[in-house]
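# A closer look at the structure
Each chain, written out:
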Amino acid sequence: MDLRAWDYAQFKSAFFLKTGLDLDRYKDRQMERRIRQLMERRNKPDFRHFYEYLVKNPPEMQFFLSYLTINTSEFFRDQVVFATLKKEIFPELLKKYGNGLKIWSAGCSIGAEPYTLAIILDTLKALYRAQIIGTDIDKKALQEAKKGIYSGKYLDKMPQDLIQRYFFKEGEVYRIKPEIQSSIIFKHHNLLRDSPLYGCHLILCRNVFIYFKPETQDFFLQRFAAALKAGGYLVIGSAEYISNPQKYMLKKRFNTIYQKIIE
Ligand SMILES: C[S@@+](CC[C@H](N)C(=O)[O-])C[C@H]1O[C@@H](n2cnc3c(N)ncnc32)[C@H](O)[C@@H]1O
């Protein structure tokens, strides 16, 4: 078959029609470079051949979708942030709102982030007072999250006493204890397309913005602001920044922790 070569823009349109994932919202240079690397490994000379190949090979399409979404994560990633949540944010939210805190880890990857929140709440004896929802676009990462089994490298930043308290060591891997595992609801969710989870007291969306263009970051921030209750908090990644928080009714409270202004 004679397939005329496509450029990246043509690939993005065809891919969006096929999968509903809008690559145009991600930073182009970074994304295109990543896709080209995989094309080279699969010996596909241009975007059109690569697209046809993906469409004809569902397992490869599944692999590609996972490959696109970079899943790097670990327990207690950025200790200062989690220490602030433990010392300042959770006590304040628990005092102000009582039971039924709604917490959303958006772009939760393999689950290390929502599990870290559950562990912290458990050490505060308040896990039963919160509902934690972890969402991600990557179904493979969500499967890993639900399993709750991790190799040691994911726990490097976690204090030893907490590892012993919240994991079973099984040979080379660590299995999270059932009371923590069952405390999280994991759901498939595309931040670009699906409605946000409304009525949240705390939203973490960390190390997700960096992959998207500024206008998409703006779109996410508007949605998170709408999803937060007044007085609720939004936590972003340590390398991320909101240049005009007031546009979203947010106020910076700690380094990467913003509070929705109470009207
Ligand atoms: C680098 S990981 C961050 C994981 C975790 N938040 C942390 O900071 O450790 C980025 C996650 O964003 C997810 N992601 C990318 N695009 C997304 C989208 N459109 N909707 C939902 N999640 C998305 C990826 O699948 C990936 O798991």
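Just so you know, these numbers come straight off a predicted model, no measurement behind them.

### Let's talk about the overall build of the protein chain
Check the secondary structure of the protein chain and you find 10 helices and 10 strands. Here the C-alpha coordinates of the protein chain stretch approximately 65 × 50 × 25 Å along the principal axes. With 263 residues in all, the protein chain has 35% of them scored as buried. At a minimum sequence separation of 6, the contacts of the protein chain that also span at least 24 residues come to 73%.

### Things to note about unusual backbone geometry
The residue Asn-43 is not glycine, and still its phi comes out positive at about 60°. Mapped onto the secondary structure, Asn-43 falls in the loop between helix 2 (28-41) and helix 3 (47-56).

### Notes on the pairing of strand 8 (residues 228-236)
In this structure, strand 7 (residues 200-205) lies alongside strand 8, joined through five bridges in parallel fashion. Bridge pairing in strand 8 places Cys-200 opposite Leu-228. The β-α-β motif built from strand 7, the intervening helix 10 (residues 214-227) and the parallel element strand 8 has right-handed crossover chirality. In this structure, strand 8 lies alongside strand 10 (residues 257-260), joined through three bridges in antiparallel fashion. Considered in strand 10, the bridge of Val-235 is made with Ile-257.

### Some points on the site of the ligand
Near the ligand, the surroundings consist of 23 residues, among which Thr-69, Ser-73, Gly-107, Ser-109 and Leu-191 are the closest. Of the residues belonging to the shell around the ligand, the class tally is eight nonpolar, 10 polar and five charged.

### Some words on the packing of helix 1 (residues 8-19) against helix 3
Two packed helices can be described by the angle between their axes and the distance between those axes. Running from amino to carboxyl end, helix 1 crosses helix 3 at an angle of 20°, the nearest separation of the two axes being 9 Å. Taken together, the axis directions place helix 1 and helix 3 in an arrangement best described as roughly parallel. Helix 1 and helix 3 meet at a crossing whose hand is right-handed. Counted together, Tyr-8, Gln-10, Phe-11, Ala-14, Phe-15 and Lys-18 of helix 1 and Phe-47, Tyr-51 and Val-55 of helix 3 form the full contact between these two elements.

### Details of the nonpolar core
Most often, soluble globular proteins have nonpolar side chains that are buried together. With 57 residues, the main nonpolar core has Leu-202, Ile-203, Cys-205, Phe-224 and Leu-234 as its most contacted residues. For this core, the element with the most residues is helix 6 (residues 112-123), which contributes seven residues. Dropping the residues within four chain positions of it, Leu-202 is found in contact with Ile-89, Leu-93, Leu-101, Ile-103, Gly-232 and Tyr-233. With six residues, the next largest nonpolar core counts Phe-47, Phe-50, Tyr-51 and Leu-54 among its residues.

### Re the sheet that holds strand 4 (residues 167-170)
Spatially, the three strands line up as an open sheet ordered 3-5-4, and their pairing is antiparallel. In the strand order of this sheet, the two ends are held by strand 3 (149-151) and strand 4, each with one partner. Across the sheet, the axes of successive neighbouring strands diverge by a mean angle of 30°, strand direction being ignored. Two strands pair when backbone bridges link them, and strand 4 and strand 5 (residues 173-176) are joined in this way by four bridges, in the antiparallel orientation. Of the residues in strand 5, the one forming a bridge with Glu-170 is Val-173.

### Focus on the packing of helix 3 against helix 4 (residues 58-68)
Relative orientation of the contacting elements helix 3 and helix 4 amounts to 115°, with a least axis distance of 5 Å. When the interaxial angle is binned, helix 3 and helix 4 end up roughly perpendicular. Packed against helix 3, whose contacting residues are Tyr-53, Leu-54 and Val-55, the element helix 4 presents Glu-60, Met-61 and Phe-64 at the interface. Within the contact of helix 3 with helix 4, the residues separate by chemical class into five nonpolar, no polar and one charged.

### Looking at the domain arrangement of the protein chain
As far as domains go, the protein chain holds domain 1 (8-68) and domain 2 (79-260). On a C-alpha basis, the centres of domain 1 and domain 2 stand 29 Å from each other. Each partner contributes to the interface: domain 1 provides eight residues, whereas domain 2 provides eight residues. Residues of the side of domain 1 that touches domain 2, tallied by class, amount to two nonpolar, three polar and three charged.

### Some thoughts on the sheet that holds strand 9 (residues 250-254)
Strands sit in the order 6-2-1-7-8-10-9 across an open sheet of seven strands; the sheet is mixed. This sheet does not close on itself; its edge strands, each paired only once, are strand 6 (184-188) and strand 9. Each strand of the sheet is rotated relative to its neighbour by a mean of 20°, with strand direction disregarded. Sheet topology places strand 9 next to strand 10; four bridges connect them, and they run antiparallel. Bridge pairing in strand 10 links Leu-250 to Lys-260. On the sheet, helix 5 (residues 79-97) packs against strand 1 (101-106), strand 7, strand 8, strand 9 and strand 10 and is oriented at approximately 160° with respect to strand 7.

Parameters at a glance
- Residues numbered from 1 in each chain as written.
- Predicted model: local features only at pLDDT ≥ 70, side-chain atom pairs only at ≥ 80, totals over all residues.
- Helix = DSSP H or I, 4+ residues; strand = E, 2+ residues; numbered from the N terminus.
- Buried ≥ 20, exposed ≤ 12 C-beta atoms within 10 Å, placed from the backbone.
- Contact = placed C-beta atoms within 7 Å.
- Pairing = 2+ DSSP bridges.
- Right-handed = clockwise from strand over helix to strand, strands pointing away.
- Near = placed C-beta within 6 Å.
- Nonpolar A, V, L, I, M, F, W, Y, C, P; charged D, E, K, R; others polar.
- Axes fitted to C-alpha atoms, helices over the stretch in contact; angles between N-to-C directions.
- Parallel < 35°, antiparallel > 145°, perpendicular 65-115°, else oblique.
- Left-handed = near helix turned anticlockwise from the far one by under 90°.
- Core = buried A, V, L, I, M, F, W, Y, C linked by C-beta atoms within 7 Å.
- Domains from an automatic or database assignment.

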